[in-house]
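These are the residues of each chain, in order.
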Amino acid sequence: QVQVVESGGGSVQPGGSLRLSCTVSGNILSFNAIDWHRQAPGQQRELVAGIGKNGIIRYADAVKGRFTISRDNGANTVYLQMDNLKPEDTAVYYCNAWKVRASDYDIDDYWGQGTQVTVSS
């Protein structure tokens, strides 16, 4: 069973920075992509950033220019560097590793438990 473990959350003041880590058991390049999502209280879970196995990166408009996603293939870890944090970035951040099964094109989907990020003065 694939395990996905997030770390690095915490509390910061507006304008501060945090770096989240997502470590996956197994080769991260075996997944189609590793994505970061977040869910604020009372809100739906939303995609924040993702990195494909081909290196293609995408960001939500709300975080472009402030968040940077990267990966360390040898460590099977994906990072989310979050700069210039705003109160509206407050949420639980989840890492999602997914792949399309070659046998039936269904998706194997693995989620971490989440890490809390709180931005407040």
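Quick note: structure is the one above.
Undergrad: Quick one: what's the story with the packing of aromatic side chains, residue by residue and with numbers?
TA: Enumeration according to the criterion identifies two aromatic pairs in this entry. The interplanar angle of 80° and the centroid separation of 6.1 Å between the aromatic rings of phenylalanine 31 and tyrosine 110 together place this pair among those described as edge-to-face. A residue pair is termed long-range when its members are at least 10 positions apart, and phenylalanine 31 in the loop between β3 (18-24) and β4 (33-39) and tyrosine 110 in strand β10 (residues 107-111) qualify at 79 residues. Like phenylalanine 31, the residue tyrosine 110 is buried in the burial classification. Summarising the aromatic geometry, the rings of tyrosine 94 and tryptophan 111 are spaced 6.5 Å apart at their centres and angled 75° between planes, so their arrangement reads as edge-to-face. Pair noted here: tyrosine 94 is in strand β9 (residues 91-100) and tryptophan 111 is in strand β10, with a separation of 17 residues, a long-range link.

Undergrad: An account of the pattern of salt bridges is requested, with residue identities and associated values reported.
TA: Evaluated as defined, the whole model comprises eight salt bridges. Glutamate 46 is paired through a salt bridge with arginine 38; the nearest N and O atoms lie 2.7 Å apart. A relative accessible area of 36% places glutamate 46 in the partly exposed class. Judged by relative accessible area, which is 6%, arginine 38 ranks as buried.

Criteria and cut-off values
- Residues numbered from 1 in each chain as written.
- Predicted model: local features only at pLDDT ≥ 70, side-chain atom pairs only at ≥ 80, totals over all residues.
- Heavy atoms only, no water.
- Phe/Tyr/Trp six-rings, centres within 6.5 Å; stacked < 30°, edge-to-face > 60°.
- Helix = DSSP H or I, 4+ residues; strand = E, 2+ residues; numbered from the N terminus.
- Buried < 20%, exposed > 50% of the residue type's maximum accessible area, 1.4 Å probe, protein only.
- Salt bridge = Lys/Arg side-chain N within 4 Å of Asp/Glu carboxyl O.

Taken by themselves, the reported measurements are silent on function.
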